[in-house]
Amino acid sequence: MSDRLQMWIDGVGGFMLLLADRINIGQAMASAQVDIPIMGDISRRHAAIKRSGDEYIVEPLSEVKLNDQSIDRPSLLKHRDVMTLGRGVKLQFTQPHPLSTSAVLKIVSRHRTEPACDGVVLLADSLLMGPKSNNHVVCPQWQHDVVVYRQGIKLLLKSKTPLFQGDSTQPATSIRIGETVQGEEVSFCLEPLGRA
């Protein structure tokens, strides 16, 4: 399975899911080969984020500010920290759910990723989707939470209501990449995302 996926959620948007413990952020260009390509005036490889246990550390490879303070060494990221890359690419880091070590990055400046997405999930153990504001992905129209969690190289599902995938009449417990997961109010799909 690819360590870089795109999740499309009907009625909500598109989210990049990154499974690696270290990800690189840089300019959206074919030669950069980064995990989060951003269309903006930044270096090909501008910064890296490393997951270490429950913590995330940003490593500046070029000009990076953390909450408007320049940093020149690896620095711990905290909930709601804002990183500024170069002249104005701003990303907010959040760890919204206290029971999950996964994190979310959102571009809060006018820039976008390639392909465009509404947010980037750094998927450590689990991804919570649903109506609550502390979910990684807020799905306002859903009545219940859906949890995607990692077990080895598999992505598994938990939901109070049955979810189905493909032509199967049995509720899905694991996710097959490329097939839509559907339920009463839920519809989403995961696709592999290559590097240009």
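Residues numbered from 1 in each chain as written. Predicted model: local features only at pLDDT ≥ 70, side-chain atom pairs only at ≥ 80, totals over all residues. Heavy atoms only, no water.

S.K.: In this structure, what is going on with the overall build of the protein? I would like to understand it.
M.R.: In terms of regular secondary structure, the protein is built from zero helices and 21 strands. Taken over C-alpha atoms, the radius of gyration comes to 17 Å for the protein, in line with the 16 Å a tight globule of 196 residues would show. In terms of overall dimensions, the protein has C-alpha extents of about 55 × 35 × 30 Å along its principal axes. A buried classification covers 47% of the 196 residues belonging to the protein. At a minimum sequence separation of 6, the contacts of the protein that also span at least 24 residues come to 38%. Accessible area of the protein: about 9900 Å², with a carbon and sulfur share of 46%. In the protein, the 22 positive side-chain charges and the 21 negative ones have mean positions that sit 4 Å from each other. (Helix = DSSP H or I, 4+ residues; strand = E, 2+ residues; numbered from the N terminus. Rg over C-alpha atoms; globule rule 2.2 N^0.38 Å. Buried < 20%, exposed > 50% of the residue type's maximum accessible area, 1.4 Å probe, protein only. Contact = heavy atoms within 4.5 Å. Areas by Shrake-Rupley, 256 points an atom, 1.4 Å probe, with all protein chains shown as cover. Lys, Arg positive; Asp, Glu negative; His and termini not counted. Charge placed at Lys NZ, Arg CZ, Asp CG, Glu CD.)

S.K.: Please clarify how empty space enclosed by the protein should be interpreted in this entry.
M.R.: One water molecule sets the probe size; rolling that probe over the atoms shows where empty space is left. Counted under the stated rule, the structure contains one cavity of 30 Å³ or more. The space that makes up the largest cavity amounts to roughly 40 Å³. Together, Leu18, Ala20, Asp21, Arg22, Ile23, Ile49, Lys50, Arg51, Tyr56 and Leu122 line the largest cavity. Counting only elements with at least two residues in the lining of the largest cavity, the list comes to strand E3 (22–27) and strand E5 (47–52). The element contributing the most residues to the lining of the largest cavity is E5, with three residues. By residue class, the composition of the lining of the largest cavity is six nonpolar, no polar and four charged. (1 Å grid on protein atoms, 1.4 Å probe; cavity = no way out; pocket = protein on both sides within 12 Å on 5 of 7 lines; lining within 4 Å. Points joined across faces, edges and corners; volume = space filled by probe spheres on them. Nonpolar A, V, L, I, M, F, W, Y, C, P; charged D, E, K, R; others polar.)

S.K.: For this particular structure, what's the right way to read the pairing of E3?
M.R.: The side chains of a regular strand alternate, first on one face of the sheet and then on the other. Inspection of the sheet shows E3 paired to E5 by four bridges, in the antiparallel sense. The residue bridging Ile25 from the neighbouring strand is Ala47, located in E5. (Pairing = 2+ DSSP bridges.)

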